[in-house]
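Observations on chain architecture
In case you want the letters, here they are:
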Amino acid sequence: AKVGRFSLAAPRQRTDTGIPFVLPISPSLYEGPFPFAWHPVEVGHFSLDAQRCYCGDDHQLCYYAPPSSSIPFPRFDLLDGYHDRYVPWNEGLREGLGKVLKWIAQNNKQLQDKEKRQPLNVDYVTLRGHLTKVLTTPYETRQGWQLAVSLFCGTLYLSEIVPEAVRRQRKQCSERAKQQTYMGYKFEKYMCADTQNGTPDPSAVVNTHEAFCTVIQVQMGSHSLLFSAEVDCTDPQSPWPDPPGCYMELKTTRAMQSCAHRRNFYKYKMIKWWAQSFLSGVPRIVVGYRDDMDSVVELKTIKTASIPKTAKKLIGEEQNCWKAKVCMNFFVSFLDFVKKVVTTDDPKLVHLFEWEPEGPVSYTVHRDSEYTFLPEWYVKAIKR
Ligand code: 0WD
Ligand code: CA
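These lines cover the structure that appears in this document, whether it is placed above or below. (Residues numbered from 1 in each chain as written. Chains lettered and ligands numbered in written order. Predicted model: local features only at pLDDT ≥ 70, side-chain atom pairs only at ≥ 80, totals over all residues. Heavy atoms only, no water.)

In this structure, the second largest pocket spans a volume of roughly 450 Å³. Gln-60, Cys-62, Lys-189, Asp-194 and Glu-210 are the residues nearest the centre of the second largest pocket, which is lined by 22 residues in total. Counting residues per element, the lining of the second largest pocket draws most heavily on helix H5 (residues 175–191), which supplies 3 residues. A class-by-class count of the residues in the lining of the second largest pocket yields 11 nonpolar, 4 polar and 7 charged. (1 Å grid on protein atoms, 1.4 Å probe; cavity = no way out; pocket = protein on both sides within 12 Å on 5 of 7 lines; lining within 4 Å. Points joined across faces, edges and corners; volume = space filled by probe spheres on them. Helix = DSSP H or I, 4+ residues; strand = E, 2+ residues; numbered from the N terminus. Nonpolar A, V, L, I, M, F, W, Y, C, P; charged D, E, K, R; others polar.)

Once that is clear, we can look at the coordination of the calcium ion (ligand 2). Around the calcium ion (ligand 2), the protein contributes the donor atoms Asp-232 (OD), Glu-249 (OE) and Leu-250 (O), which lie 2.3 to 2.6 Å from the metal centre. Read in sequence order, the donor residues for the calcium ion (ligand 2) give the motif D-x16-E-L. Of this pair, Asp-232 sits in the loop between strand E13 (223–231) and strand E14 (233–234) while Glu-249 sits in strand E15 (residues 247–254), placing them 17 residues apart in sequence. (Donors = N, O, S within 2.8 Å, 3.2 Å for Na, K, Ca; no water.)

Moving on: the site of ligand 1. Taken together, 13 residues are adjacent to ligand 1, and Arg-128, Gly-129, Tyr-185, Glu-230 and Lys-251 come closest. For ligand 1, an oxygen atom lies 2.8 Å from a polar atom in the side chain of Arg-128. Note that an oxygen atom of ligand 1 is positioned 2.7 Å from one of the backbone N or O atoms of Gly-129. Taken by itself ligand 1 offers 750 Å² of open surface, and the protein chains cover 70% of this. Only helix H3 (128–135), E13 and E15 provide two or more residues apiece to the shell around ligand 1. Take the shell around ligand 1: its biggest share by element is 3 residues, from E15. (Near = heavy atom within 4 Å. Polar contact = N/O pair within 3.5 Å; in protein donor to acceptor, adjacent residues only side chain to side chain. Areas by Shrake-Rupley, 256 points an atom, 1.4 Å probe, with all protein chains shown as cover.)

What follows is about helix H1 (residues 98–106). Residues Val-100, Leu-101, Trp-103 and Ile-104 constitute the buried set of H1. An end-on view of H1 places all buried positions within 155° of arc, on one side of the element. (Buried < 20%, exposed > 50% of the residue type's maximum accessible area, 1.4 Å probe, protein only. Arc of directions from axis to C-beta.)

Within the sequence span of helix H7 (residues 307–315), burial applies to Ile-307, Ala-311 and Ile-315. The buried residues of H7 occupy an angular sector of 50° when projected down its axis, which confines them to one face. More than 90 degrees from the buried face of H7, the exposed residues found are Lys-309 and Lys-313. Buried residues along H7 sit against helix H6 (259–279), strand E16 (284–290) and strand E17 (295–303). Looking one or two places after H7, you find Gly-316, whose phi comes out positive at around 85°. (Contact = heavy atoms within 4.5 Å.)

Looking at the element boundaries, Phe-187 is found in helix H5. Distance in space between the C-alpha atoms of Phe-187 and Asp-77 is 8.7 Å, their sequence separation being 110 residues. Excluding residues that lie within four positions of it along the chain, Phe-187 makes contacts with Phe-76, Leu-78, Leu-250, Lys-251, Thr-252, Val-286, Val-287, Gly-288, Val-296 and Leu-299.

Once that is clear, we can look at the pairing of strand E9 (residues 155–160). When you tally the buried positions in E9, you get 5 out of 6 residues, the bulk of the element. Here strand E7 (residues 124–127) pairs with E9 via 2 bridges, running parallel. For Tyr-124, the partnering residue across the bridge sits in E9 and is Leu-156. Linking two consecutive strands that pair antiparallel, namely strand E8 (residues 145–152) and E9, is a turn of 2 residues; a positive phi of about 50° is found at Cys-153 within it. (Pairing = 2+ DSSP bridges.)

Read these as spatial facts, not as claims about activity.
Structure (structure tokens):
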């Protein structure tokens, strides 16, 4: 049952105990200097096989193997195999934090906090994809989000709730949107090999359930975070041989002909690419530009760290260019907000943080409801 609602309608900004009701998102409130250094450290990894089953190894890790630059660029047909060699995502899967919790349960010893006698020495556990949404919120104009939060044994768990309406939308998305999803995965098949010295095999089946995930830990001021992130590939020749520095993100996008196209791309799409790779410490993004025939015709490697500067140059500050420091200041404020609001340690109690474009972040409280997300097997494993 819902035990309370605190939202925009509330006449005051704080309760009598000083706990805030809402968190505003306006970029102008978050203009201060970059708050903390962000040094993501890999503390582990796991693989998900063709059936999406968890394996505590790196057998799904792919190796970056681009075409030789000395021969003319081969056209990569991104729709090849769409009808006959594609296992699309099973929309019925409600995985939530399941896989990262499994990793935690299996690597519990390395994470214990002996001083605080806590089973887990981190403040927040979540998925990278959820954090990407929080980080870009000050500039998002289209899609809101809902994050369920539970405090359990001193750690806050953040898990996205995808509303039924959004799920329906995803299922009914256009044939073109489905093709675009496929093309992203297919690009990986052209650019990566299964083994360190292997060559790519574009005849292989594209199975969206297969993944290699890194487990990242970050200390930022008084906050420590642990999250998993799906990694496209590692570059055996990387100037930064240790993970996550050796990892690469692969993306495809339409080749750009005009300045306006490029500007829009940096304004709306690049902010998401930047946020995703920045959070997990992936230093380079390889972009495959596709033509009208859905073939990749050009490759470019972009340094994640250079994206905010390029955005500023292309978009211009007067044109409301997004800023990394605003994203980061908001991100820290959100973490502060969650820590202040969620103080009752109970895996069945959920604070649902909700945000819709234009409004502030608000929350509702739910006990023993459909929002409860920490699985019983996990609660048992950690309490032991
Ligand atoms: O349709 C799928 N393949 C979905 C996959 C739907 C929903 C979830 N997932 C899985 C992902 O495979 C991933 O293991 O959830 C996990 C989330 O991991 P993450 O690292 O936190 O996710 P994020 O950073 O948001 O995305 C990583 C990749 C995406 O790469 P691109 O280059 O597109 O950003 O996970 C995939 C995708 O390959 N992915 C999705 N693909 C399609 N629809 C989606 C989605 N809704 N979410 C993640
Ligand atoms: Ca990708």
